[in-house]
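So you can see what is in the structure, the chains are spelled out below.
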Amino acid sequence: MQKLSIAFLLGCLSFFISPQLLHAQKGTLVVKVMDFESGDGNLEMTLYNQEKGFPEELEYSVDTKVQKLNGKTTAVMRWENLPYGDYALAGMHDENGNGEMDYNWIGMPTEGYCFSNDVKPVLSAPSYKSVSFQLEKPVVTVYIHMQN
């Protein structure tokens with residue numbers, strides 16, 4: 001009898017809960033990238049919400065945005081209506097506009113790159129866990145410095 005009363009009470013309370021709370025909460029991610037070596041080319045930034053594919057397999061990403069720098073050495077990108085949760089960012093400064101990261105003869109990047117949490121990789125790409133952050137409120141702003 002007591003279990004039935006608790007279930008009835010919980011059912012009545014759910015009637016008064018805001019419909020917004022019943023749906024997954026969503027927010028906006030604002031990404032500010034600074035310290036480009038030059039204002040040439042584009043910023044290409046990819047957003048992930050899972051470890052699989054991070055940071056190079058775009059088919060596992062949430063979205064990729066490309067922004068022309070037009071002489072500026074800072075850039076701002078926005079993603080709206082993202083479900084709350086874990087995310088990670090990987091970006092590159094595509095200075096020559098060829099749509100890919102360029103490397104020297106020993107395999108080191110010759111164009112700028114960046115990751116959320118300003119992680120500076122050593123000898124290999126960082127892990128998803130090391131660069132992930134929480135989107136858990138209506139607007140989250142992430143600041144990233146380009147590694148040149």
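Here, the structure is the one placed above.
Residues numbered from 1 in each chain as written. Predicted model: local features only at pLDDT ≥ 70, side-chain atom pairs only at ≥ 80, totals over all residues. Heavy atoms only, no water.

### Some details on the environment of Leu82
At step 1: Tracing the backbone through its elements, the reader meets Leu82 in strand β4 (residues 74–83).
At step 2: With 56 residues separating them along the chain, Leu82 and Lys26 place their C-alpha atoms 5.1 Å apart.
At step 3: Those residues in contact with Leu82 that lie beyond four places of it in its chain are Gln25, Lys26, Gly27, Leu29, Leu47, Val62, Tyr87 and Leu135. (Helix = DSSP H or I, 4+ residues; strand = E, 2+ residues; numbered from the N terminus. Contact = heavy atoms within 4.5 Å.)

### Some details on unusual backbone geometry
At step 1: Residue Pro55 is bonded to the preceding Phe54 through a cis peptide linkage, with omega at 0°.
At step 2: Its location among the elements puts Pro55 in the loop between β2 (42–48) and β3 (63–68).
At step 3: Positive phi outside glycine occurs at Asp35, with the angle close to 70°.
At step 4: Secondary-structure assignment places Asp35 in the loop between β1 (26–34) and β2.
At step 5: Unusually for a residue other than glycine, Asn117 sits at a positive phi of about 65°.

### Considerations on the nonpolar core
At step 1: Counting 21 residues, the largest nonpolar core has Leu29, Val33, Leu43, Met45, Trp79 and Leu89 as the members making the most contacts within it.
At step 2: Secondary structure elements with two or more residues in this core: β1, β2, β4, β5 (85–94), β7 (133–135) and β8 (139–145).
At step 3: No other element matches the 4 residues that β4 contributes to this core.
At step 4: Sequence-distant contacts of Leu43, defined by excluding residues within four places in its chain, comprise Val33, Phe36, Lys65, Val66, Gln67, Leu69, Ala75, Met77, Met92 and Met146.
At step 5: One finds Phe54, Ala88, Phe115 and Val131 within the second-largest nonpolar core, a separate group that totals 8 residues. (Core = buried A, V, L, I, M, F, W, Y, C linked by side-chain atoms within 4.5 Å. Buried < 20%, exposed > 50% of the residue type's maximum accessible area, 1.4 Å probe, protein only.)

### Observations regarding the pattern of salt bridges
At step 1: Counted under the stated rule, the structure contains 2 salt bridges.
At step 2: Two residues, Asp63 and Lys65, come together in a salt bridge whose shortest N-O distance is 3.8 Å.
At step 3: Relative accessible area serves as the criterion here: at 26%, Lys65 is assigned to the partly exposed category.
At step 4: Between Arg78 and Glu80 there is a salt bridge whose closest N-O contact spans 3.4 Å. (Salt bridge = Lys/Arg side-chain N within 4 Å of Asp/Glu carboxyl O.)

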